[in-house]
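Secondary and tertiary structure notes
Here is how the chains run, residue by residue.
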2 protein chains.
Amino acid sequence: MSIDLTNTQPIGIVGLGLIGGSLGLDFRAKGLSVIGVSRQEKTCKIALERGSVTVAGTDFSLLASAKVIFICTPISLIVPTIKKLIPYLKPETIITDVASVKEEIVTHIDPLWNNFIGGHPMAGTAEQGIESALKGLFKNAPYILTPTQKTSKESINTLTQLVQLLGSKLHFSTPTDHDQAVAWISHLPVMISASLIQSCLQENHLSILELGQKLASSGFKDTSRVGGGNPELGVMMAQHNRTALLHSLKEYKSTLEGIITLIEEKNWSGLDQILQNTKKQRSLYLK
Amino acid sequence: MSIDLTNTQPIGIVGLGLIGGSLGLDFRAKGLSVIGVSRQEKTCKIALERGSVTVAGTDFSLLASAKVIFICTPISLIVPTIKKLIPYLKPETIITDVASVKEEIVTHIDPLWNNFIGGHPMAGTAEQGIESALKGLFKNAPYILTPTQKTSKESINTLTQLVQLLGSKLHFSTPTDHDQAVAWISHLPVMISASLIQSCLQENHLSILELGQKLASSGFKDTSRVGGGNPELGVMMAQHNRTALLHSLKEYKSTLEGIITLIEEKNWSGLDQILQNTKKQRSLYLK
């Protein structure tokens with residue numbers, strides 16, 4: 001099966017921010033027609049000017065002819081947006097989203113729409129908004145799809161081909177496995193990194209804290225980077241992936257307690273064994 | 001007071017590895033005469049070939065004429081090395097070291113030698129050995145000196161001028177404050193970063209662990225970097241800075257527990273407050 005590239009079956013994008021705008025740039029570069037919908041007329045205008053969309057407007061009825069619709073709104077708006085959008089669509093329209101958590105969304109949408117496939121392109125920049133949209137943002141980045149037992153093979157094939165057009169590395173997973181994997185490698189690091197910055201404030205002697213700030217170099221900078229990032233995103237991860245994140249946080253805490261005990265007991269061979277192992281293990285995440 | 005740059009009062013370096021070899025390169029580039037001592041003749045030969053030293057040998061008697069001697073051996077050899085070296089020296093010779101922990105060493109050496117000043121140049125690479133020695137390694141890097149009440153102003157002045165020759169950013173501190181500051185910004189990050197890699201192994205489902213390894217991107221890579229580093233160095237930090245590191249680790253654990261509680265209680269405004277704060281605080285370490 002190949003994608004219909006004619007204008008009669010365009011791609012729809014709801015939410016024209018960094019992700020939605022960048023998807024539009026890539027799809028248009030591949031010759032696809034893109035209909036963009038944003039709540040704000042100003043955003044529609046910029047998306048048209050920047051070339052992210054072929055057509056843009058504030059009205060969901062624009063999307064009636066779309067073959068595949070990407071929901072790129074903030075995470076808390078995804079479910080209400082899809083509920084409002086559905087009355088305008090033909091039943092064969094494929095809906096997908098781009099949120100960094102999947103179980104909560106798939107659980108809500110799966111009963112409402114037969115052709116929904118959760119998606120998560122793992123790409124971004126520190127910037128936000130249509131002004132930051134970039135061509136090639138998804139190239140070589142992981143892109144996870146979380147089809148359910150309800151999802152038709154044909155819909156999976158269509159979305160697969162679109163993701164491959166972006167040059168992303170495609171992975172399939174259940175929504176639950178996705179959320180736990182992302183908790184380990186993305187949401188847990190944010191919380192432990194933030195805890196590092198926050199815990200330094202527990203130092204009672206201001207002179208030591210200030211000396212630490214002067215001496216901090218690449219080790220502190222790298223370990224604290226994601227904990228000093230966008231607070232809104234951090235809270236969003238915890239809200240929408242709470243169960244998986246708490247599981248990872250508790251396993252992390254118990255691992256940390258193990259390391260504290262080894263140091264208290266001066267068990268240097270035990271500590272060496274762990275550090276030998278973490279050195280070896282880390283390379284498995286760098287492929 | 002200015003430094004005597006004549007060959008009659010050369011700089012001594014014991015231990016010709018990355019740090020010792022790099023110090024030699026910089027001092028020689030400034031026209032100073034450098035005497036190197038290593039346990040291995042082969043290392044002396046390479047140090048001479050690479051231009052780190054003017055003279056090199058395996059015998060401490062070579063250092064009898066040195067004005068300032070930098071002890072650049074592995075941390076566990078610093079105290080025994082100084083004890084063996086002392087019989088060869090004039091009492092006005094200044095001894096300094098380059099270890100990343102100070103209290104343990106200063107406590108041992110202060111009663112033995114009037115002109116000892118602990119030092120810690122915070123520079124390095126992932127490499128080791130004389131082959132990795134680099135010119136300009138210490139430029140713009142922090143260099144901490146930890147004089148005690150016993151240390152003469154004249155000795156501090158001489159060492160200060162040498163550190164300034166390297167282009168380092170000089171800081172003064174007590175050995176105890178140094179060790180606690182370094183525990184916060186260097187040794188604690190290693191342990192919490194290693195705990196991240198190690199805790200992922202607690203995931204019971206291999207498929208989730210493997211998915212996480214595929215999805216890991218810059219957030220995981222940065223947060224896990226120092227925890228996947230040299231195991232020997234990590235154990236050394238814990239052994240020689242145990243008290244300060246345990247203090248930081250326990251404050252860290254209690255901060256982490258606070259964050260877990262906020263997420264358990266769905267206290268999103270509380271979590272937001274912390275993440276707003278860590279975002280602001282982090283900038284203080286990046287100057």
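Residues numbered from 1 in each chain as written. Chains lettered and ligands numbered in written order. Predicted model: local features only at pLDDT ≥ 70, side-chain atom pairs only at ≥ 80, totals over all residues. Heavy atoms only, no water.

The two copies are related by a screw motion: chain B maps onto chain A through a turn of 180 degrees and a shift of 0.0 Å along the axis, at an RMSD of 0.0 Å. Between the two chains, the operation in question is that of a two-fold axis. Looking at the rotation axis and the C-alpha trace of chain B, the residue lying nearest is T223(B), at 2.2 Å. The share of interface residues of chain B whose copies in chain A are also at the interface is 100%, consistent with both copies meeting through the same surface. (Least-squares fit on C-alpha atoms with pLDDT ≥ 70 in both. Contact = heavy atoms within 4.5 Å.)

Glancing now at the pattern of salt bridges. A side chain of one charge can pair with a side chain of the opposite charge when the charged atoms of the two come close. In this structure the tally under the stated criterion is 12 salt bridges over all chains. A salt bridge links K253(B) to E257(A); the shortest N-O distance between them is 3.3 Å. Here K253(B) is found in helix 10 (residues 242-264), whereas its partner E257(A) is found in helix 10 (residues 242-264) on a different chain. Under the relative-accessibility criterion, K253(B) is labelled partly exposed at 23%. The salt bridge partner of K102(B) is D97(B), with a shortest N-O separation of 2.9 Å. A single network of salt bridges, built from pairs that share partners, joins K253(A), E257(A), K253(B) and E257(B). (Salt bridge = Lys/Arg side-chain N within 4 Å of Asp/Glu carboxyl O. Helix = DSSP H or I, 4+ residues; strand = E, 2+ residues; numbered from the N terminus. Buried < 20%, exposed > 50% of the residue type's maximum accessible area, 1.4 Å probe, protein only.)

At N140(A), a position not held by glycine, the phi torsion is positive, near 65 degrees. Position of N140(A) among the secondary structure elements: in the loop between strand 6 (116-121) and strand 7 (142-146). Positioned with a positive phi, K266(B) is a non-glycine residue whose angle comes to about 50 degrees.

Taken residue by residue, the interface counts 84 residues in chain B and 84 residues in chain A. Summing the contributions of chain B and of chain A, the shared interface buries around 8600 Å²; its carbon and sulfur component is 69%. The tally of links from chain B across to chain A stands at 24 residue pairs in polar contact (both at pLDDT 80 or more). Sorting the residues of the side of chain B that touches chain A by element identifies strand 7 (142-146), helix 6 (175-200), helix 7 (206-215), helix 8 (218-224), helix 9 (231-240), helix 10 and helix 11 (268-282) of chain B as the ones contributing at least two each. Looking at the side of chain B that touches chain A, the element that brings in the most residues is helix 6 of chain B, giving 19 residues. (Buried area = accessible area lost by both parts, 1.4 Å probe. Polar contact = N/O pair within 3.5 Å; in protein donor to acceptor, adjacent residues only side chain to side chain.)

Take the sheet that holds strand 7 of chain A next. All names here are of chain A. Spatial strand order, 3-2-1-4-5-6-7-8: 8 strands in an open sheet with mixed pairing. Because the sheet does not close on itself, it has two edges, and the strands there are strand 3 (55-57) and strand 8 (169-172). When strand polarity is set aside, the average angle formed by the axes of neighbouring strands in this sheet is 20 degrees. Examined bridge by bridge, strand 4 (residues 68-71) and strand 5 (residues 94-97) share 4 bridges and lie parallel to one another. Its bridge partner being in strand 5, I69 is matched across the sheet by I95. Contacting strand 1 (11-14), strand 4, strand 5 and strand 6, helix 3 (residues 78-85) runs over the sheet at an angle of about 150 degrees to strand 4. The sheet contacts of helix 5 (residues 153-165) involve strand 1, strand 4, strand 5, strand 6, strand 7 and strand 8, and relative to strand 4 the element is tilted by about 65 degrees. (Pairing = 2+ DSSP bridges. Axes fitted to C-alpha atoms, helices over the stretch in contact; angles between N-to-C directions.)

This paragraph deals with the nonpolar core. Counting 122 residues, the largest nonpolar core has I263(A) and I263(B) as the members making the most contacts within it. Not counting the four nearest positions on each side in its chain, I263(A) is found in contact with W268(A), L271(A), M191(B), A238(B), R242(B), L245(B), L246(B) and L249(B). (Core = buried A, V, L, I, M, F, W, Y, C linked by side-chain atoms within 4.5 Å.)

Residue and element names in this part refer to chain A. Regarding helix 3, the residues found buried are I78, V79, T81, I82 and L85. Taken end-on, helix 3 shows its buried residues confined to a sector of 160 degrees, consistent with a single buried face. Summarising the contacts, the buried residues of helix 3 are in contact with strand 1, strand 4, strand 5, helix 4 (103-109) and strand 6. (Arc of directions from axis to C-beta.)

A separate point is the sheet that holds strand 2 (residues 34-37) of chain B. Residues and elements named next belong to chain B. Spatial strand order, 3-2-1-4-5-6-7-8: 8 strands in an open sheet with mixed pairing. Strands at the two margins of the open sheet, each flanked by one partner only, are strand 3 (55-57) and strand 8 (169-172). Averaged over all adjacent pairs, the angle separating strand axes in this sheet is 20 degrees, with direction ignored. The sheet contact formed by strand 5 (residues 94-97) and strand 6 (residues 116-121) spans 2 bridges and is parallel. From the neighbouring strand, T96 faces strand 6, where its bridge partner is I117. The strands touched by helix 1 (residues 18-29) within the sheet are strand 1 (11-14), strand 2, strand 4 (68-71) and strand 6, with strand 1 carrying the most contacts at an inclination of about 165 degrees. Of the strands in this sheet, strand 1, strand 4, strand 5 and strand 6 touch helix 3 (residues 78-85), which is tilted by about 150 degrees from strand 4.

Right, let's talk about the environment of Q180(B) for a bit. Mapped onto the elements of the fold, Q180(B) is located in helix 6. Owing to a relative accessible area of 10%, Q180(B) belongs among the buried residues under this scheme. The spacing of Q180(B) and P231(B) is 51 residues in sequence and 21 Å in space, taken between C-alpha atoms. Apart from residues lying up to four places away in sequence, Q180(B) is in contact with E203(A), I208(A), A244(B), H247(B) and S248(B).

Let's shift gears to the confidence of the model for chain A. Close inspection of predicted coordinates is inappropriate in any region flagged by low pLDDT. Taken residue by residue, chain A gives an average pLDDT of 95. The fraction at 70 or more is 97%. The ipTM, which scores confidence in the relative placement of chains, is 0.90 for this predicted complex, and the corresponding pTM is 0.90. (pLDDT = per-residue confidence, 0-100.)

The next point concerns the pairing of strand 6 of chain B. Residues and elements named next belong to chain B. Counting buried residues along strand 6, 6 of its 6 residues qualify, which places the element largely inside the surrounding structure. Of the crossover connections in this fold, the one passing from strand 5 over helix 4 (residues 103-109) to the parallel strand 6 is right-handed. In the sheet, strand 6 pairs with strand 7 via 4 bridges, with the strands oriented antiparallel. The residue of strand 7 that forms the bridge with H120 is I144. (Right-handed = clockwise from strand over helix to strand, strands pointing away.)

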